[in-house]
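# Breakdown of the fold
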Amino acid sequence: MLPGMKARANSAVTGALVADAASLGLHWIYDPERLAEVGGNKPEFLEPDIRHYKGTTAYFAHRDKHAGDSTHYGEQLKVLLRSLQACDQRLAVSDYERRFVESFGPGGTFVGYIDFATRETLRLIDQAERDALTAAHAFDLGEHESDRALMEAKVMANVRRWNDEKLDQAMAKAVRITHGENEDLIAVVQEMARAVKRARTGFHGADDVQLPALSKLPALAAAVLDPGEREAAVEHAVRVTNDNDEAVAHGHAMAHALWAALDGASPREAADAAANGAPAAVRDLYTQALAFGGTASDAAAHFGRACPLPESAPVILVHMRDATDFESAVRSNILAGGDSAGRAIVLGAVLGAAFGVPADWAARLA
């Protein structure tokens, strides 16, 4: 990665996290008048306060959060960052899915609001685990039947972590720890692991076309820079949480904006790249967004302020198109209302790559 591109990649990820956290205090207030009343010209990094949400169209989701914290969108970005770091900056779906469960699943590290796509993804992963255990139960362990629970636990733990040859090696090592050089048992357990892996193959994301589909993209765009890997990586990353063709189409379009920004494009040029690179299923929507004659606030009123991508993606694009600096664009996005934090991830990444992230804003990120 060239030095300038590396700096822009770092600023993109930081910009996404900062813009998300800046939006937390007024996230999901839909009334622009209430937002202006509460936020004024500096609506960023406000402490979440349920009083701001009463008597207006709003949903208070962040009662346990404080100014500077990430929303669930920021946390989803961090999950993929951790996975990419562990996997040499390449997308490994099994590792990403495992870390997603470790963060958002029962007993996970994240405390806060869980959106529909996350809840449904966790349910579908759990169902896949049950199907995988059914596959494991079919294997005859012979004289080691009394050790079935232990063997199946070893299999499930390693299937979540490894693929192919590494899975065989991990299973051999796991069996040797408890049963020594028992080659027959090793062979059976390795075959059990391969069968379980096949049963878990595929994506377990929700059939959902909302903003969680985009939340991981800044990390992926910053890490996967080989043009030959980009398209497949975007599709796979989106489908981990949003196994939906329309969501994938939006993911491809917004990824083009991010790649352009990492290459040094202005936010306006990044918006153009999104429209030009948008798959046919969403191209007309992106073209309409760029041709929209009003302000970003007008765009939110026209296209919608809520979480579905057919509403939120055009608003992100208009904010990119009109952006002149990091602070004013993030403030405009917050004051546009609705799912401002969801929109902030991709918008903040493009702004960060283009303008850098103001040090005083970055310092307020928890």
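This text goes with the structure placed above it.
Right, let's walk through the structure included here.

## A closer look at the overall build of the protein
In terms of helices and strands, the protein carries 18 helices and 0 strands. Here the protein has a C-alpha radius of gyration of 22 Å; the compact-globule value for 366 residues is 21 Å, and the two agree. Across its three principal axes, the protein shows a C-alpha extent of roughly 75 × 45 × 35 Å. Every one of the 366 residues in the protein was classed for burial, and the buried ones make up 56%. A separation threshold of at least 6 residues defines the contact pool for the protein, and within that pool the share at least 24 residues apart is 72%.

## Quick look at the pattern of salt bridges
Scanning all chains against the criterion turns up 22 salt bridges. Residue glutamate 120 is joined to arginine 123 by a salt bridge in which the shortest nitrogen-to-oxygen separation is 2.7 Å. Residue glutamate 120 and its partner arginine 123 are both found in helix H5 (residues 116–137); the two are separated by 3 residues, about one turn of the helix. Arginine 130 serves as the salt-bridge partner of aspartate 126, at 2.9 Å between the closest nitrogen and oxygen. Placement of the pair is aspartate 126 and arginine 130 together in helix H5, with a separation of 4 residues, close to one helical turn. A relative accessible area of 37% places aspartate 126 in the partly exposed class. It is possible to trace a salt-bridge network through shared partners that takes in Asp95, Arg98, Arg99 and Glu102.

## A short note on the packing of aromatic side chains
One pass over the full model with this rule turns up 9 aromatic pairs. Consider the rings of phenylalanine 45 and tryptophan 361, whose centres lie 5.8 Å apart with planes at 80 degrees: the pair is edge-to-face. Placement of phenylalanine 45 in the loop between helix H2 (32–39) and helix H3 (72–86) and of tryptophan 361 in helix H18 (residues 359–362) is noted, with a sequence separation of 316 residues between them. On the accessibility criterion, tryptophan 361 (2% relative accessible area) is buried. Aromatic rings pair up to connect Trp28, Tyr59 and Tyr113 into one cluster.

## Things to note about the packing of helix H13 (residues 280–291) against helix H15 (residues 309–322)
Helices that pack against each other are described as a pair by the angle of their axes relative to one another and the distance between those axes. It is at 9 Å that the axes of H13 and H15 come closest, and there the two elements cross at 40 degrees. One finds that H13 runs oblique with respect to H15. For the element pair H13 and H15, the recorded crossing hand is right-handed. Along its contact with H13, which presents Leu285, Tyr286, Ala289, Leu290 and Ala291, the element H15 presents Leu309, Pro310, Ala313, Pro314, Leu317, Val318 and Arg321. Class assignment of the residues belonging to the contact of H13 with H15 gives a composition of 11 nonpolar, no polar and 1 charged.

## So, the packing of helix H12 (residues 267–277) against H15
Between H12 and H15, the least distance of the axes is 6 Å, while the angle of their chain directions is 145 degrees. As H12 packs across H15, the resulting crossing turns out to be left-handed. Between H12 and H15, the residues in contact are Pro267, Arg268, Ala270, Ala271 and Ala274 and Leu317, Met320 and Arg321, respectively. In terms of residue class, the contact of H12 with H15 is built from 6 nonpolar, no polar and 2 charged.

## Comments concerning H2
Taken together, the buried positions of H2 are occupied by Arg34, Leu35 and Gly39. In a view along the axis of H2, the buried residues occupy a sector of 105 degrees, so they form one face of it. Turned more than 90 degrees away from the buried face of H2, the exposed residues are Glu33 and Glu37. Tucked into the core, H2 has its buried residues touching helix H16 (326–336). Between a side-chain oxygen at the N-terminus of H2 and the backbone nitrogen of glutamate 33 the separation is 3.0 Å; the capping residue is aspartate 31. Once H2 ends, the next one or two residues include glycine 40, with phi positive near 60 degrees.

## Considering the nonpolar core
In this structure, Leu214, Met254, Tyr286, Ile316, Leu317, Met320 and Val330 are the most contacted members of the largest nonpolar core, which totals 93 residues. Ranked by the residues each element gives to this core, the list is headed by helix H11 (residues 245–262), at 11 residues. Leucine 214 has contacts with His250, Gly251, Met254, Leu309, Ile316, Ile345 and Val346, leaving out every residue within four places of it along the chain.

Calculation rules
- Residues numbered from 1 in each chain as written.
- Predicted model: local features only at pLDDT ≥ 70, side-chain atom pairs only at ≥ 80, totals over all residues.
- Heavy atoms only, no water.
- Helix = DSSP H or I, 4+ residues; strand = E, 2+ residues; numbered from the N terminus.
- Rg over C-alpha atoms; globule rule 2.2 N^0.38 Å.
- Buried < 20%, exposed > 50% of the residue type's maximum accessible area, 1.4 Å probe, protein only.
- Contact = heavy atoms within 4.5 Å.
- Salt bridge = Lys/Arg side-chain N within 4 Å of Asp/Glu carboxyl O.
- Phe/Tyr/Trp six-rings, centres within 6.5 Å; stacked < 30°, edge-to-face > 60°.
- Axes fitted to C-alpha atoms, helices over the stretch in contact; angles between N-to-C directions.
- Parallel < 35°, antiparallel > 145°, perpendicular 65-115°, else oblique.
- Left-handed = near helix turned anticlockwise from the far one by under 90°.
- Nonpolar A, V, L, I, M, F, W, Y, C, P; charged D, E, K, R; others polar.
- Arc of directions from axis to C-beta.
- Polar contact = N/O pair within 3.5 Å; in protein donor to acceptor, adjacent residues only side chain to side chain.
- Core = buried A, V, L, I, M, F, W, Y, C linked by side-chain atoms within 4.5 Å.

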